[in-house]
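Listed below, chain by chain, are the residues.
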Amino acid sequence: MYGEFKNYLSNELSIIEESGLYKKERIICSPQSAEIQAGNRSVLNFCANNYLGLSNSPRLVEAAKKAMDIRGFGMSSVRFICGTQDIHKELESAVSKYFKTEDTILYAACFDANGGVFEPLFSEEDAIISDSLNHASIIDGVRLCRAKRYRYANADMNELENCLKEAQAQRFRIIVTDGVFSMDGNVAPMDKICELAKKYNSLVMVDECHSAGVIGKTGRGVSELFDVYGQIDIYTGTFGKAFGGGIGGFTTGRREIIDMLRQRSRPYLFSNSIPPAVVGASLEAFRVLDESDELHSRLVNNVEYFRNRMINAGFDIKPTQSAICAVMLYDAKLSQDFAATMLDEGIYVTGFYFPVVPKGQARIRVQLSAAHTREHLDKCIDAFIKTAKNTVGTAK
Ligand SMILES: *Cc1c(COP(=O)(O)O)cnc(C)c1O
């Protein structure tokens with residue numbers, strides 16, 4: 001049998017390759033950091049989700065080792081059989097404290113948190129109203145649930161309101177949105193979303209993967225930024241980005257919702273517990289952030305510095321409200337050539353084009369980090385300026 005199937009796959013793979021969408025992986029031979037060893041050269045890294053620079057924090061590395069010393073390597077169990085240690089409960093409390101919520105449930109990834117949040121809570125009598133640019137894991141999670149689906153254009157409050165009107169036909173409604181959208185770096189208008197939710201009697205869920213640790217006065221995410229504490233029923237998030245970049249995700253929010261997820265959420269019930277090393281380091285990340293706002297304020301300063309210098313240099317930057325900065329080039333091929341030239345200059349950034357972003361909206365996505373020094377930022381901006389000068393057809 002495999003012969004025929006192999007031919008089919010080879011053919012499909014070559015179509016992917018010919019359309020320029022084949023994903024190749026660059027091998028990193030160093031810890032994740034502002035400066036990484038990619039292949040046999042050192043480059044400045046502007047494409048990790050290492051927003052607070054904690055991925056290689058000595059404190060987190062030490063905490064991971066210590067947790068392994070006192071609680072071992074693996075759990076060999078799901079949470080409800082024999083996979084819950086004291087430190088898992090501690091981490092759940094730390095997340096609840098950070099988001100000012102009632103309870104938290106851990107998952108192996110935020111992909112699982114989003115995959116397992118809808119089906120246990122909602123049925124065919126209910127409605128899920130989802131932003132069109134929501135993360136793939138939300139889309140998959142919604143697919144696993146029998147609720148009626150509504151979709152509104154990215155952050156479009158008129159369309160959302162229309163969906164809410166239609167969805168009055170259902171029993172319960174929930175509005176679901178990313179906090180920060182990963183391609184433009186824009187923030188969901190949570191103040192308006194919460195207002196509409198109140199007006200149309202809807203629940204609210206926000207995925208804080210790119211927003212937690214980043215937006216709000218001290219980085220506490222959308223509720224801090226918009227002061228909507230108490231108005232969001234469900235938050236999902238990851239330990240894989242700002243909070244140390246290890247692995248793992250969580251859902252946090254109202255007590256009964258979290259309790260129901262512990263009873264019925266399939267990725268929680270049927271998948272292994274997070275290993276102690278990851279739990280220990282993630283706990284340490286929350287301790288670091290509890291002690292001081294230093295990393296977050298360094299990130300905010302870096303974003304501001306980068307954006308201002310790039311705008312002054314004439315680049316077309318999407319009006320970011322996060323640590324994601326989309327440098328618009330519009331042309332797909334140009335975005336790829338541009339990123340390749342930047343790498344030659346020692347700057348690692350990623351070019352995105354259709355279908356990841358809309359046609360004619362190709363861009364370089366720059367992700368800033370508290371780990372970047374002023375010198376790193378200047379090198380990156382200078383490389384942008386030099387590359388733009390040398391690349392024919394640049395939007396600049
Ligand atoms: C990264 C991301 C996820 C997935 O998080 P993992 O913990 O890596 O599975 C989910 N939602 C959003 C919005 C993300 O950016």
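Residues numbered from 1 in each chain as written. Predicted model: local features only at pLDDT ≥ 70, side-chain atom pairs only at ≥ 80, totals over all residues. Heavy atoms only, no water.

> Describe the overall build of the chain, listing the residues and the values that go with them.
Tallying secondary structure elements over the chain gives 15 helices and 13 strands in all. Relative to the globule expectation of 21 Å for 396 residues, the C-alpha radius of gyration of the chain, 22 Å, shows essentially globular dimensions. Oriented by its inertia axes, the alpha-carbon framework of the chain measures out at about 60 × 60 × 55 Å. Residue burial in the chain is summarised as follows: out of 396 residues, 52% are buried. Within the chain, residue pairs in contact and separated by at least 24 positions form 69% of the contacts whose partners lie at least 6 positions apart. Accessible surface, the chain: about 18600 Å² in total, of which carbon and sulfur atoms supply 51%. (Helix = DSSP H or I, 4+ residues; strand = E, 2+ residues; numbered from the N terminus. Rg over C-alpha atoms; globule rule 2.2 N^0.38 Å. Buried < 20%, exposed > 50% of the residue type's maximum accessible area, 1.4 Å probe, protein only. Contact = heavy atoms within 4.5 Å. Areas by Shrake-Rupley, 256 points an atom, 1.4 Å probe, with all protein chains shown as cover.)

> Give me the lowdown on the pattern of salt bridges, citing residues and values where you can.
Taken as a whole and assessed by the stated rule, the structure comprises 24 salt bridges. The partner of Arg-262 in a salt bridge is Glu-92, and the shortest N-O contact between them spans 3.1 Å. One end of the pair, Arg-262, is in helix α10 (residues 255-264); the other, Glu-92, is in helix α4 (residues 86-99), and 170 residues separate them in sequence. The same class applies to Arg-262 as to Glu-92, namely buried. The partner of Asp-233 in a salt bridge is Arg-254, and the shortest N-O contact between them spans 2.7 Å. Separated by 21 residues along the polypeptide, Asp-233 in the loop between α9 (222-226) and β8 (234-238) and Arg-254 in the loop between β9 (249-253) and α10 bring together distant segments of the chain. By relative accessible area, Arg-254 is classed as partly exposed at 28%. (Salt bridge = Lys/Arg side-chain N within 4 Å of Asp/Glu carboxyl O.)

> I'd like a description of the site of the ligand, backed by residues and values.
Among the 13 residues in the neighbourhood of the ligand, the closest are listed as Cys-110, Phe-111, Asp-207, Thr-238 and Lys-241. Between the ligand and Cys-110 there is a distance of 2.8 Å, counted from an oxygen atom to a backbone nitrogen or oxygen. At 3.0 Å from an oxygen atom of the ligand is found a side-chain nitrogen or oxygen belonging to His-210. Alone, the ligand offers 380 Å² of accessible surface; in the complex the protein occludes 82% of this. (Near = heavy atom within 4 Å. Polar contact = N/O pair within 3.5 Å; in protein donor to acceptor, adjacent residues only side chain to side chain.)

> Residue-level account of the pairing of strand β10 (residues 324-330), with values.
Counting buried positions over the seven residues of β10 gives six, a clear majority of the element. By the bridge criterion, six bridges tie β10 to strand β13 (residues 362-367) in an arrangement that is antiparallel. From the neighbouring strand, Tyr-330 faces β13, where its bridge partner is Ala-362. (Pairing = 2+ DSSP bridges.)

> Can you lay out the packing of aromatic side chains for me, pointing to particular residues and giving the numbers?
In this description, an aromatic ring pair is defined by two values, namely the gap between the centres and the angle between the planes. Within this structure, the stated rule accounts for 14 aromatic pairs. Note on Phe-99 and Phe-250: the rings are 5.5 Å apart at their centroids and 50 degrees apart in plane angle, and the pair reads as tilted. Here the residue Phe-99 occupies a position in helix α4, and Phe-250 occupies one in strand β9, the gap between them amounting to 151 residues. Taking the centre distance of 6.4 Å and the plane angle of 70 degrees together, the rings of Phe-306 and Phe-384 count as edge-to-face. A residue pair is termed long-range when its members are at least 10 positions apart, and Phe-306 in helix α13 (residues 294-312) and Phe-384 in helix α15 (residues 374-390) qualify at 78 residues. Ring pairs connect the aromatic residues Tyr-98, Phe-99, Tyr-235, Phe-239, Phe-243, Phe-250 and Phe-286, which therefore count as one cluster. When the ring centre of Tyr-229 is taken as reference, the NZ or CZ atom of Lys-100 above it lies at 5.4 Å. One cation-aromatic arrangement involves Lys-359 over Phe-354; the distance from NZ or CZ to the ring centre is 4.1 Å. (Phe/Tyr/Trp six-rings, centres within 6.5 Å; stacked < 30°, edge-to-face > 60°. Lys NZ or Arg CZ within 6 Å of the ring centre and 35° of its normal.)

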